[in-house]
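The primary structure of each chain is shown beneath.
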Amino acid sequence: MSETIRRVVVVLNPNSTGDGPSNARRLRDELQGVVDVELVETERAGHAEEIARDAVREQDGTLVVSASGDGGYHEVVNGVVSGGRGLAAVLPSGNANDHATATQDRPLAEAIRDVATGGRVTPMDLLEVSGAGRTRVAHSYVGIGITPVAAAALNEHDLDAVKESMLVVRAFWRYRPLTITHDGDDIRLDSLLFANIDRMAKYAQLAEDSATDDGRYETLLIPHRGKLRLLAEFTRVLRGAHPVRSRSEPYEFRTHTPTPLQLDGEVFQVDAGSSLTVRCLPLALRTVL
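Just so it is clear, the structure is predicted and the values come from calculations on it, not from any experiment.

**Some thoughts on the side chain of threonine 181**
Part 1 of the argument: Within the fold, threonine 181 resides in strand S8 (residues 178-182).
Part 2 of the argument: Accessibility expressed as a relative area gives 15% for threonine 181, which makes it buried.
Part 3 of the argument: One polar contact links threonine 181 to histidine 256, side chain to side chain, over a distance of 2.7 Å.
Part 4 of the argument: For threonine 181, the contacting residues outside a window of four places in its chain are Asp186, Glu252, Phe253, Arg254 and His256.

Structural data, given as structure tokens:
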């Protein structure tokens with residue numbers, strides 16, 4: 001897919017404890033003389049989405065880069081998609097960087113240089129979640145159950161390996177299972193994950209044959225059978241041995257209780273009795289890899 005990059009807008013959080021600001025400045029220096037680069041700082045939660053939407057509407061050929069982790073990139077992708085055109089990419093600067101780890105095999109500056117001088121952009125599938133009064137897209141994964149509970153705990157803290165382990169264990173023991181209705185059946189579960197990439201949370205291998213451009217997504221369901229069994233199931237996930245199902249058709253379900261819903265590391269609350277639909281949007285995002 002041919003496309004000319006006319007400018008690059010790098011979105012960064014100036015108060016980030018990560019490497020976003022310094023990485024953004026370094027990218028600008030590396031692209032000097034190749035393409036115009038503008039650094040834009042966010043001022044509040046959700047601002048990255050607004051910046052991305054406005055940037056792609058202002059000028060054709062705009063690439064919006066998120067100097068962040070998966071959550072910041074989630075906002076940028078939603079902004080680019082709602083803007084109706086444009087390109088998005090992530091400059092990994094967060095804690096997990098699952099999306100970049102799963103999809104990028106060269107420095108972003110090199111990839112941008114390639115496209116800006118005649119190379120090709122890369123189309124990529126997205127996941128869409130609709131229901132409960134909103135529609136959002138996810139670049140990597142959607143989850144309910146223990147996945148967003150642990151993610152919420154991790155997102156509230158400045159992390160090192162010891163803190164991560166302690167927070168996950170604490171979230172694990174405090175967690176209570178939930179029930180959904182799918183295809184007329186009530187399912188009591190500990191975790192339900194929909195993925196567009198082959199790994200998450202830095203450690204968990206989901207599916208070796210997962211692709212981001214095949215019009216399909218993977219589902220991983222862990223039914224509730226007690227905490228010791230849940231621990232065993234998570235061990236299987238870490239080893240890439242837990243069964244997953246690849247599907248192209250939408251997955252519809254209804255919540256029975258208030259439920260946290262995780263999209264790319266961002267957590268949203270869903271009311272009891274909400275009907276949700278997860279589907280694949282084939283090649284809905286144009287990116288630079």
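**So, the packing of aromatic side chains**
Part 1 of the argument: Throughout the structure, instances matching the rule amount to four aromatic pairs.
Part 2 of the argument: Summarising the aromatic geometry, the rings of phenylalanine 194 and phenylalanine 253 are spaced 6.3 Å apart at their centres and angled 15 degrees between planes, so their arrangement reads as stacked. Residue phenylalanine 194 is located in strand S9 (residues 185-195), and its partner phenylalanine 253 is located in strand S14 (residues 251-255); the two are separated by 59 residues in the primary sequence.
Part 3 of the argument: Phenylalanine 194 gets classed as buried once you look at its relative accessible area, which sits at 1%.

**What about the pattern of salt bridges?**
Part 1 of the argument: Summed over the entire model, instances satisfying the criterion amount to eleven salt bridges.
Part 2 of the argument: Arginine 106 serves as the salt-bridge partner of glutamate 110, at 3.9 Å between the closest nitrogen and oxygen.
Part 3 of the argument: Under the relative-accessibility criterion, glutamate 110 is labelled partly exposed at 37%.
Part 4 of the argument: Residue arginine 279 pairs with glutamate 128 through a salt bridge whose shortest N-O separation is 2.9 Å. Of this pair, arginine 279 sits in strand S17 (residues 275-287) while glutamate 128 sits in strand S5 (residues 122-131), and the two are 151 residues apart along the sequence.
Part 5 of the argument: The class for glutamate 128 is buried, based on a relative accessible area of 15%.
Part 6 of the argument: Look at the salt bridges and you will find they share partners, linking Arg7, Glu38 and Glu58 into a network.

Reading guide: rules and limits
- Residues numbered from 1 in each chain as written.
- Predicted model: local features only at pLDDT ≥ 70, side-chain atom pairs only at ≥ 80, totals over all residues.
- Heavy atoms only, no water.
- Helix = DSSP H or I, 4+ residues; strand = E, 2+ residues; numbered from the N terminus.
- Buried < 20%, exposed > 50% of the residue type's maximum accessible area, 1.4 Å probe, protein only.
- Polar contact = N/O pair within 3.5 Å; in protein donor to acceptor, adjacent residues only side chain to side chain.
- Contact = heavy atoms within 4.5 Å.
- Phe/Tyr/Trp six-rings, centres within 6.5 Å; stacked < 30°, edge-to-face > 60°.
- Salt bridge = Lys/Arg side-chain N within 4 Å of Asp/Glu carboxyl O.

Don't take any of this as a statement about function, it's just geometry.
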